[in-house]
Amino acid sequence: MNITKKIPVVPKELLVPFIAATSIFALWGFANDLTNPMVAAFKKVMVLSNEEAYNVQFAFYFGYGVMAIPAALFIRKFSYKSGLLLGLALYAIGAMLFYPAAENGSYTYFLISLFVITCGLGFLETTSNPLILSMGSPKTATRRLNLAQSFNPIGSLTGMLIAKFVVLDRLLSVDYADSSAIVALGAEKAAEIKVHDLGVISFPYIAVGLFVALVFFVIWKTRIPAMVMGDHLSIKESLNRIFKSKTYVLGVITQMFYVGAQIMCWTAIFQLVEYLNQSSSLGIEATWWNITAMVSFVITRFIGTALMQKINPAKMLAIFGVAAAAMCAGVIVTSGLTSLVFLVLVSVFMSIMFPTIYGLALKDMGEEAKLASSGLIMAIVGGAFLPKTQALIMDYGDRVDGKEVFGDIVTAGIPEIHFSFILPMICLIVVALYGMYAFKVTKPVIH
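Everything in this summary refers to the structure shown in the same document. (Residues numbered from 1 in each chain as written. Predicted model: local features only at pLDDT ≥ 70, side-chain atom pairs only at ≥ 80, totals over all residues. Heavy atoms only, no water.)

1. Observations regarding the packing of aromatic side chains
Part 1 of the argument: Taken as a whole and judged by the stated rule, the model has 19 aromatic pairs.
Part 2 of the argument: Ring geometry for Phe-42 versus Tyr-107: centroids 5.5 Å apart, planes at 50°, classification tilted. Here Tyr-107 lies in helix α7 (residues 107-134) and Phe-42 lies in helix α2 (residues 38-46), a separation of 65 residues in the sequence. For the pair Phe-42 and Tyr-107, one class covers both residues: buried.
Part 3 of the argument: Arranged with centres 5.5 Å apart and planes meeting at 80°, the rings of Phe-216 and Phe-217 form a pair that is edge-to-face. (Phe/Tyr/Trp six-rings, centres within 6.5 Å; stacked < 30°, edge-to-face > 60°. Helix = DSSP H or I, 4+ residues; strand = E, 2+ residues; numbered from the N terminus. Buried < 20%, exposed > 50% of the residue type's maximum accessible area, 1.4 Å probe, protein only.)

Laid out in structure tokens, this is it:
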């Protein structure tokens, strides 16, 4: 008889703090997927190249790299609850900074605002993930984190819908074919359109800043117990223990590649649709394909979490990694709507990756998960650097009359936009290899 089946994923006495902590997962999902479409929005409003527009992602995800370790040291000294509160405060402040950024009309100010938001998100993720892992038996830790992370896409879907209906559909600049058409209206009218569109972009961030401030007070009033998962060691002793784990070190590297792949695939949906509309006049709506990808992601994550009762998480990670890389290969070698379908299918297989890598890397870390988690959150910086590299591949072609031409052939008759998916394909192969390694070094356990 397998007694592990009787172990609850979340003990009854921890259900309320578990729900409180899990609700925060939706908040960073919202910020992530409200921001992804803003690459296309800023590119249009501020008249930018792909490489310049992708500075949105660089500023957004660079905050994780800067703040993850300070966040881990902070919660180590104080508490998980203190980390949540400071993270929410930074999130709210960064979002509210969109108001002066819009008033000033500076792209740099917007990037700074995004950076402050993700400093807050760095605190929230560094705090929330190990907190969830600690709320119950280590035997169900990976399933528990997958369950909590399953609510992250709810925020993501909300962010996508607001990006579509509150921002993208209300931008005046999208009514014009390119920047030259706006310039032809005259300096005064062009400036009026820019002011309007920057106000539209800023509105949802300011609104979510007010909402996050409200969540701050709710968490402040919620009792979250001080969770302990093992012996409390000195920082030096902790680091020695952490870096002796090859599974952890490789997990951090893998997480960087995974996050880069995720951001590249989700952001580039808008660039691929733009190319397909230009080359084939298909009239495709990018947001709906983005939402389809996220819905597929959500459904598969719930299914994947359930399957982990029967299938070893590391084995599942390896299988999903191979499948996701194959879908990227499909984007590269196909064209038209077929390539877009392959791109959406990548999300199906990425669904379990982040929490599973996280859980495998922190396995048996005990109390040192607080510090070790910072490396896995810092790895999110892959979302800053790798998409910029993909954007450089997309910009391989020339600009004609201020308009990006995506159709230049890179190699073997493959257009630059399609060829750029070789980068996420490589990243997902790394994920598959990590899953294979983790499966070999950990005993298959039926939860």
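2. Overview of the packing of helix α13 (residues 246-280) against helix α21 (residues 422-441)
Part 1 of the argument: One can describe the packing of α13 onto α21 by two numbers: an axis separation of 8 Å at closest approach and a directional angle of 150°. In terms of orientation, α13 lies roughly antiparallel with respect to α21. Crossing handedness for the pair α13 and α21: left-handed. Packed against α13, whose contacting residues are Lys-246, Thr-247, Leu-250, Gly-251, Thr-254, Phe-257, Tyr-258, Ala-261, Met-264 and Cys-265, the element α21 presents Leu-423, Pro-424, Cys-427, Leu-428, Val-430, Val-431, Tyr-434, Tyr-437 and Val-441 at the interface.
Part 2 of the argument: A per-class count over the contact of α13 with α21 returns 15 nonpolar, three polar and one charged. (Axes fitted to C-alpha atoms, helices over the stretch in contact; angles between N-to-C directions. Parallel < 35°, antiparallel > 145°, perpendicular 65-115°, else oblique. Left-handed = near helix turned anticlockwise from the far one by under 90°. Contact = heavy atoms within 4.5 Å. Nonpolar A, V, L, I, M, F, W, Y, C, P; charged D, E, K, R; others polar.)

3. What about the state of the cysteines?
Part 1 of the argument: The final tally for this structure, using the stated rule, is zero disulfides.
Part 2 of the argument: Summary of cysteine pairing: Cys-265 is not part of a disulfide, and the nearest cysteine sulfur, belonging to Cys-328, is at 4.2 Å. (Disulfide = S-S within 2.5 Å.)

4. Things to note about a nonpolar patch on the surface
Part 1 of the argument: On the surface, Val-295, Ile-299, Ile-303, Leu-307 and Ile-311 cluster together into a nonpolar patch covering about 380 Å² of accessible area.
Part 2 of the argument: Within the element layout of this structure, Ile-303 appears in helix α14 (residues 286-307). (Patch = residues over 30% accessible without salt bridge, like charges linked within 9 Å, V, L, I, M, F, W, Y side chains within 5 Å. Areas by Shrake-Rupley, 256 points an atom, 1.4 Å probe, with all protein chains shown as cover. Salt bridge = Lys/Arg side-chain N within 4 Å of Asp/Glu carboxyl O.)

5. Regarding the nonpolar core
Part 1 of the argument: Counting 139 residues, the largest nonpolar core has Phe-42, Tyr-91, Ile-201 and Met-353 as the members making the most contacts within it.
Part 2 of the argument: The biggest single contributor to this core is α13, with 16 residues. (Core = buried A, V, L, I, M, F, W, Y, C linked by side-chain atoms within 4.5 Å.)

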